Amino acid sequence: MKKQVKIGFAPTRRAIFSAPDAVKYADLTRKKLDEMGIDYVDIKDINKEGLLYNDEDRIKIAEKFRKEKVDGLFLPHGNFGTEYECARLAKDLNVPVLLWGPRDERPEPDGMRLRDTQCGLFATGKVLRRFRIPFTYMTNCRLTDPEFERGLKDFLAVCNVVKTFRHIRVLQIGPRPYDFWSTMCNEGELLEKFNIQLAPVPIPELTEEMNRVRKDEADKVEDVIRYCRENMTCKIEDNLLNNVAALKVAMRNLADKYGASAIAIQCWNALQGEIGIMPCAANSLLNEEGLPVVCETDIHGAITQLMVEAADLEGHRSMFADWTVRHPDNENGELLQHCGPWPISVAREKPTICVPVAFPYNGAVSAEAKHGNLTLARFDGDNGEYSLLLGRAKGIDGPYTKGTYLWVEVENLKRLEAKIVEGPYIHHCVAIHADVVPILYEACKYIGVKPDLYDPIEEEVKAYLRGE
């Protein structure tokens, strides 16, 4: 289900241009937002015009928007606009800002112009920069132009990424596997830079919760078992399938208990000594429900998965994967694979719960993912600097392999390979069946993360964001 994002709607005017025309275009914009089903907070109760143009009203508007917890600020310029009030309001709220104004009409027969909207947009853009406020600019277009609807919807997705990123708490189940130095993260730095929080719990706390749910929430465990048998081929003993189900319910309970929006689990090898299974199938079930679970205690991977799904407004489930091996026949082909955490909705065949390729324990999932166009991404950092590697790929045919897998083709694999090796990235990434590259690129300006495109498409992305 698409996630709803709420924006503050603050149309603005300047006194020396036509106030009636500014009111007219504000109302036309309201009508368009209503037609699009946008959730917005209006300011018609602040003054009789329903416009932002003085400081007294700006303070009231800020209070209202904070109370309503808006995720973004939309500043339509009905005429030239009052640029310093727009900047002050944006500074007060610290949310993504969308700057736009409708195209001006032909000058009057006597040579008079009623609005000079474009000129005002130039002024507001400069003042926002003076206030050091990042903002998104939607091209000066008509309400009926396709650029308006597309630009507004994209802005909502950007707001969703920013809101998600600023409120991340990852449930960390166990430390990273000893051998995986690559998944090391700086917990203090993530908190200091981004307010990203970790909720670490030891594996015994997980197993205790599994034992509890078997007794106290047996009906939930049975529901999960039934779901697995209906939607997956279960090549696993009944007692181990019960472990899968109890693990799934327990992880969900712990995430709820600690207020976590994602989970990173030490999936091997201490866990197998405790419960005798791989956690992949349980991870898959939670990923399908929209609670991202990543492997090998990869905190940066969990952050990536949250960002990518937020960019798509939760329209598709994403896949946490290894960049694994090169395609045997396609020079730009690569295998995305993992032991089985992918949600079943991405599969092009009925998934199987089975033994994985690298471990002797049951509880993994095997299925090839659907082909199609994809976004690949990886949030990572070291030495105090963080960036988001991102780009496009497409699913292609390739040899069968165990686990959840998909062969993909990129424009230039050697270029991508060098990016990953030279860092700050690792062998993990997130893929999603949607083109969210422009959304993630734009969101980076609000969260203090550098966008890092692995193909030379920056001008193409910027052109798209300009409405071209």
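In the block above lies the structure referred to throughout.
Attention here is on the structure that accompanies the text.

Criteria and cut-off values
Residues numbered from 1 in each chain as written. Predicted model: local features only at pLDDT ≥ 70, side-chain atom pairs only at ≥ 80, totals over all residues. Heavy atoms only, no water. Buried < 20%, exposed > 50% of the residue type's maximum accessible area, 1.4 Å probe, protein only. Helix = DSSP H or I, 4+ residues; strand = E, 2+ residues; numbered from the N terminus. Pairing = 2+ DSSP bridges. Contact = heavy atoms within 4.5 Å. Salt bridge = Lys/Arg side-chain N within 4 Å of Asp/Glu carboxyl O. Patch = residues over 30% accessible without salt bridge, like charges linked within 9 Å, V, L, I, M, F, W, Y side chains within 5 Å. Areas by Shrake-Rupley, 256 points an atom, 1.4 Å probe, with all protein chains shown as cover. Right-handed = clockwise from strand over helix to strand, strands pointing away. Axes fitted to C-alpha atoms, helices over the stretch in contact; angles between N-to-C directions.

As for the pairing of strand β3 (residues 72–76)
Of all 5 residues that make up β3, 5 are buried, and the element is covered over most of its length. Burial along β3 is two-sided: Gly72, Phe74 and Pro76 facing one way and Leu73 and Leu75 facing the other are all buried. Pairing geometry for strand β1 (residues 6–9) and β3, over 3 bridges, is parallel. Note that in β3 the partner of Phe9 across the bridge is Phe74. Where β3 meets strand β4 (residues 97–100), 4 bridges bridge the pair, whose relative direction is parallel.

Some points on the environment of Pro96
Topologically, Pro96 is positioned in the loop between α3 (83–93) and β4. Under the relative-accessibility criterion, Pro96 is labelled buried at 1%. In this structure the C-alpha to C-alpha distance between Pro96 and Gly372, which are 276 residues apart in sequence, comes to 31 Å. Setting aside its immediate chain neighbours within four residues, Pro96 contacts Asp71, Gly72, Leu73, Phe155, Cys159, Val162 and Tyr446.

Quick look at the pattern of salt bridges
Between side chains of opposite charge, a pair can form when the charged atoms approach closely. Under the criterion given, the structure shown has 39 salt bridges. Close ionic contact of Glu460 with Arg392 constitutes a salt bridge, the shortest N to O distance being 2.9 Å. Taken together, the residues Glu460 in helix α15 (residues 458–465) and Arg392 in strand β16 (residues 385–396) connect sequence positions 68 residues apart. The salt bridge involving Arg415 is made with Asp455; its shortest N-O contact spans 2.7 Å. With Arg415 in helix α13 (residues 413–422) and Asp455 in the loop between β19 (450–453) and α15, the pair connects residues that are 40 residues apart, well separated along the chain.

Overview of α3
Since the α-helix packs 3.6 residues into each turn, any two residues three or four apart lie on the same face. Of all the positions in α3, only Glu83, Glu85, Cys86, Ala87, Leu89, Ala90 and Leu93 are classed as buried. Here the buried face of α3 lies against α2 (55–68), β3, β4 and α4 (117–130). In the stretch just after α3, Asn94 is the one whose phi turns positive, near 55 degrees.

Here's the deal with a nonpolar patch on the surface
A cluster of nonpolar side chains, namely Tyr178, Trp181 and Met184, defines an oily patch on the protein surface of about 420 Å² accessible area. Within the secondary structure, Tyr178 sits in the loop between β6 (169–173) and α6 (187–194). Residue Tyr178 is classed as exposed on the basis of its relative accessible area, which comes to 65%.

What to know about the pairing of β6
β6 sits mainly inside the fold: 4 of its 5 residues count as buried. Note that β6 and strand β7 (residues 197–201) share 5 bridges and pair parallel. Residue pairing for β7: Gln172 is matched across the bridge by Pro200. One crossover worth recording links β6 to the parallel β7 by way of α6, and it is right-handed.

Here's the deal with the sheet that holds strand β9 (residues 262–265)
Within the open sheet, the 4 strands sit side by side as β7-β6-β9-β10. Their pairing is parallel. Where the open sheet ends on each side, the last strands, each with one partner, are β7 and β10 (293–294). Where β9 and β10 come together, 2 bridges link them in parallel fashion. Note on β10: the bridge partner recorded for Ile263 is Val293.

As for the sheet that holds strand β2 (residues 39–41)
Spatial ordering of the open sheet is given by β2-β1-β3-β4-β5, a layout of 5 strands whose pairing is parallel. A single partner strand is all that each edge strand has here, and the edge strands are β2 and β5 (136–137). In the packing of α3 onto the sheet, contacts are made with β3 and β4, and the angle to β3 comes to roughly 175 degrees.

Side note on unusual backbone geometry
The residue after Trp268, namely Asn269, is reached through a cis peptide bond having omega 0 degrees. By secondary structure assignment, the location of Asn269 is in the loop between β9 and α10 (270–275). The step from Gly423 to Pro424 runs through a cis peptide bond, and the omega angle for that step is 15 degrees. Relative to the helices and strands, Pro424 is located in the loop between α13 and β18 (428–432). Even without glycine at this site, Arg132 takes up a positive phi of about 60 degrees. Relative to the helices and strands, Arg132 is located in the loop between α4 and β5. Using a relative accessible area of 75% as the deciding quantity, one classes Arg132 as exposed. Non-glycine residue Asn195 carries a positive phi angle of around 60 degrees. Within the fold, Asn195 resides in the loop between α6 and β7.

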